[in-house]
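Structural overview for review
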Amino acid sequence: MSGDFFFFFGVFLFLLLRWLALLFNLLAFPRLRPRPTPPKPTASLLVPARNEAENLKRTLPALLRQGALEVLVLDDLSEDGTAQAALEAAGNHPAFRLLRGAPPPPGWTGKNWACFQLAQEARGEVLVFTDADVLWEEGALGGLLEALEGKEMVSALPRQEVGLREGALVAFVMNGLLSFLPHPLLEGLRVANGQVLAFRRAAYLALGGHEAVKGEVLEDVALARRARTYGLFLGGGLFRARMYRGYGEAVAGFAKNFLAVHLKNPAVLLGSAFYHLALYTLPWFFGRWELGLMGLLERLWVQKALGGPLWPALLTPLAPLLLLPVYLLALLPGRRWKGRKV
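The residue numbering used here restarts from 1 in each chain and proceeds along that chain's sequence as written. In keeping with the predicted nature of the model, local features appear solely for residues at pLDDT of at least 70, side-chain atom pairs appear and are counted solely at 80 or more, and the whole-chain, interface and lining totals rest on all residues. Excluded from the side-chain calculations are hydrogens and water; all other atoms, namely the structure's heavy atoms, are used.

**Side note on the overall build of the chain**
By definition, any uninterrupted DSSP run of H or I lasting at least four residues is a helix, any uninterrupted run of E lasting at least two residues is a strand, and each is numbered from the N terminus. Per the secondary structure count, the chain includes 15 helices and 12 strands. The reference for a compact globule is 2.2 Å times residues^0.38; the radius of gyration itself is calculated from the C-alpha atoms. The globule rule puts the C-alpha radius of gyration for 342 residues at 20 Å, and the 20 Å found for the chain is close to it. Residues classed as buried in the chain amount to 54% of the 342 residues present. The contacts in the chain between residues at least 6 apart in sequence include a share of 83% that link residues at least 24 apart. To be clear on the numbers: accessible area is Shrake-Rupley with a 1.4 Å probe, and residue cover counts the displayed protein chains and nothing else. Accessible area of the chain: about 15300 Å², with a carbon and sulfur share of 62%. Under the convention used here, Asp and Glu are negative, Lys and Arg are positive, and both His and the chain ends fall outside the count. Taken as the charge centre is NZ of Lys, CZ of Arg, CG of Asp or CD of Glu, depending on the residue. In the chain, 36 positive and 28 negative side-chain charges are present, and the distance between their average locations comes to 2 Å. For the exposure calls, accessible area comes from a 1.4 Å probe over protein chains only, and a residue counts as buried if that area is under 20% of its type's maximum, exposed if over 50%, partly exposed in between. Contacts were defined at the residue level, with two residues in contact if any of their heavy atoms lie within 4.5 Å.

Have a look at this one:
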């Protein structure tokens, strides 16, 4: 038999594993449900914000409607009027406080330092860190608190909102988790999403908080690996996030942590690039239409299951090619994000 037979038989086996993981997760991946917030507020909602003026205009009012003990926004040395936008969006809401961030000390990433400052100021028994681009729906805090019962830490995967320019890339990277591994393995590996992280305050302090992971780009995963009890949930019904606006911004944003995602190992990173090209692009180039359709249908089902638009999945054969600049930039030194070196 020819070499290409064995190659594409291997592609078939990997696609089959992704289908099996997807089918399992459709049945077993826990989902957050909207719940009323307890009458006695116990949670601090903490938002690190660097150059997030436009996002906060949209997301801060929804946070203030959650019924939290307090909502703290830290202006992390922004250059776009983030502080003023936050004050205007909050109005005179009694739960709101605006904090002015200090420059990060040596050895700290900017986000970890911002989160550390927020935690120092927070008064809640539960600490919830959420990105400024995450829109919280009604009942989101109650659902998150219910998920946290009996655990030290939980993380939620929001529904990813996308535009035409970055949609194929963002959907391919973020939503592929649903068909990558079965949920117990994802949870066991402490896969986490820093867009929504909730901790019991005592547990957060016991595991060292953000100070313990101050230099980590993937602080969410690093914190989850320190927690004894952890939960990973689908939160698409309660949280929506618009991570990037435009292809260039998406490439720069993913490149800042892609090497860390791949175990800080360039060989693993390059292997990932080949893996995705082999599964989703090469079958179309070599006339293996059945394998091409197998990968395309997998991604269409992922999109449908997560409640997002279907059109990004139709671009699946192109997505690994669109990802190549991300892999390249991830290997280069001097990566920057929002004006800071990563």
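What follows continues from the structure just given.
**A look at the layout of surface pockets**
Taken as a whole, the second largest pocket holds about 150 Å³ of empty space. Lining residues are defined by having an atom within 4 Å of a point belonging to a cavity or pocket. Those points lie on a 1 Å grid over the protein atoms alone, cavities being sets where a 1.4 Å probe fits but cannot get out and pockets being open sets with protein on both sides within 12 Å along at least five of seven lines. What lines the second largest pocket is Thr37, Ala62, Arg65, Gln66, Leu135, Trp136, Glu137, Glu138 and Gly139. Split into classes, the residues belonging to the lining of the second largest pocket amount to three nonpolar, three polar and three charged. Grid points are joined across faces, edges and corners, and a volume is the space filled by probe spheres set on the points. Each residue gets one label: Ala, Val, Leu, Ile, Met, Phe, Trp, Tyr, Cys and Pro are nonpolar, Asp, Glu, Lys and Arg are charged, and the others, such as Gly, are polar.

**Section: helix H1 (residues 3–28)**
Counting along an α-helix, one turn takes 3.6 residues, and residues three or four places apart therefore face a common direction. How far a helix is expected to stretch is found by multiplying one less than its residue total by 1.5 Å. With 26 residues, H1 extends 38 Å from end C-alpha to end C-alpha; this agrees with the ideal 38 Å at 1.5 Å per step. By the burial criterion, the buried members of H1 are Phe8, Gly10, Val11, Leu15, Arg18, Trp19, Ala21, Leu22 and Asn25. In this fold, the buried residues of H1 make contact with helix H7 (183–188), helix H11 (266–280), helix H12 (282–285) and helix H13 (289–306).

**Structural notes on the packing of helix H10 (residues 247–261) against helix H15 (residues 319–331)**
Their axes nearest at 8 Å, the elements H10 and H15 cross at an angle of 45 degrees. The orientation of H10 with respect to H15, classified from their angle, is oblique. Crossing hand, H10 versus H15: right-handed. Contact with H10, carried on its side by Tyr247, Val251, Phe254, Ala255, Phe258 and Leu259, involves Leu322, Leu323, Pro325, Val326, Tyr327, Leu329 and Ala330 of H15 and no other residues of that element. For the contact of H10 with H15, the class distribution of residues is 13 nonpolar, no polar and no charged. With axes taken as lines fitted to C-alpha atoms, and helix axes fitted only over the stretch in contact, angles between N-to-C directions fall between 0 and 180 degrees. Comment on the angle field: the value is read as roughly parallel under 35 degrees, roughly antiparallel over 145, roughly perpendicular from 65 to 115, and oblique elsewhere. Throughout, a crossing is termed right-handed when the near helix is turned clockwise from the far one, and left-handed when it is turned anticlockwise from it by less than a right angle.

**A closer look at unusual backbone geometry**
The phi angle at Leu263 is positive, at roughly 65 degrees, despite the residue not being glycine. Mapping Leu263 onto the fold places it in the loop between H10 and H11.

**Remarks on the pattern of salt bridges**
In a structure, side chains of opposite charge can pair up when their charged atoms sit close to one another. Here, a salt bridge means any Lys or Arg side-chain nitrogen found within 4 Å of an Asp or Glu carboxyl oxygen. Scanning the model with the defined rule gives 17 salt bridges in all. With its nearest N and O atoms 4.0 Å apart, the salt bridge here joins Asp75 to Arg100. Taken together, the residues span a long stretch of sequence, with Asp75 in strand S2 (residues 70–75) and Arg100 in strand S3 (residues 96–100) at a distance of 25 residues. Among the residues examined, Asp75 registers a relative accessible area of 10% and is labelled buried.

**Quick word on the nonpolar core**
Side chains that are nonpolar tend, in soluble globular proteins, to be buried together. Residue types Ala, Val, Leu, Ile, Met, Phe, Trp, Tyr and Cys, when buried and joined through side-chain atoms within 4.5 Å, form a set referred to as a nonpolar core. Counting residues in hydrophobic clusters, the biggest one holds 62 residues, and the most contacted among them are Phe129, Met153, Leu178, Phe254, Phe258 and Val326. Here Met153 is in contact with Leu148, Leu197, Ala198, Phe199, Asp220, Leu223, Ala224, Ala227, Thr229, Tyr230 and Gly231, once residues within four sequence places are set aside.

**Points about the packing of aromatic side chains**
In this analysis, rings of Phe, Tyr and Trp, with Trp reduced to its six-membered ring, are considered paired at centre separations within 6.5 Å, and the interplanar angle assigns stacked below 30 degrees, edge-to-face beyond 60, and tilted for intermediate values. Scanning the model with the defined rule gives 20 aromatic pairs in all. Between Trp108 and Phe116, the aromatic rings sit 5.1 Å apart at their centres with planes inclined by 55 degrees, giving tilted as the arrangement. Ring geometry for Phe129 against Phe199: centres 5.9 Å apart, planes inclined by 80 degrees, an arrangement best described as edge-to-face. In this pair, Phe129 is assigned in strand S4 (residues 126–130) and Phe199 in strand S8 (residues 196–200), connecting sequence segments 70 residues apart.

**Regarding the sheet that holds S2**
Sheets are built from strands that pair by backbone hydrogen bonding, the pairs being arranged parallel or antiparallel. Pairing is mixed in the open sheet, where seven strands are placed in the order S3-S2-S1-S4-S8-S6-S9. Each end of this open sheet is capped by a strand with a single partner; those strands are S3 and strand S9 (230–234). Across this sheet, the average inter-strand angle for adjacent strands is 20 degrees, counted without regard to direction. At least two bridges found by DSSP between two strands are what make those strands a pair. Inspection of the sheet shows strand S6 (residues 153–157) paired to S9 by five bridges, in the parallel sense. Bridging across to S9, Leu157 finds its partner in Leu234.

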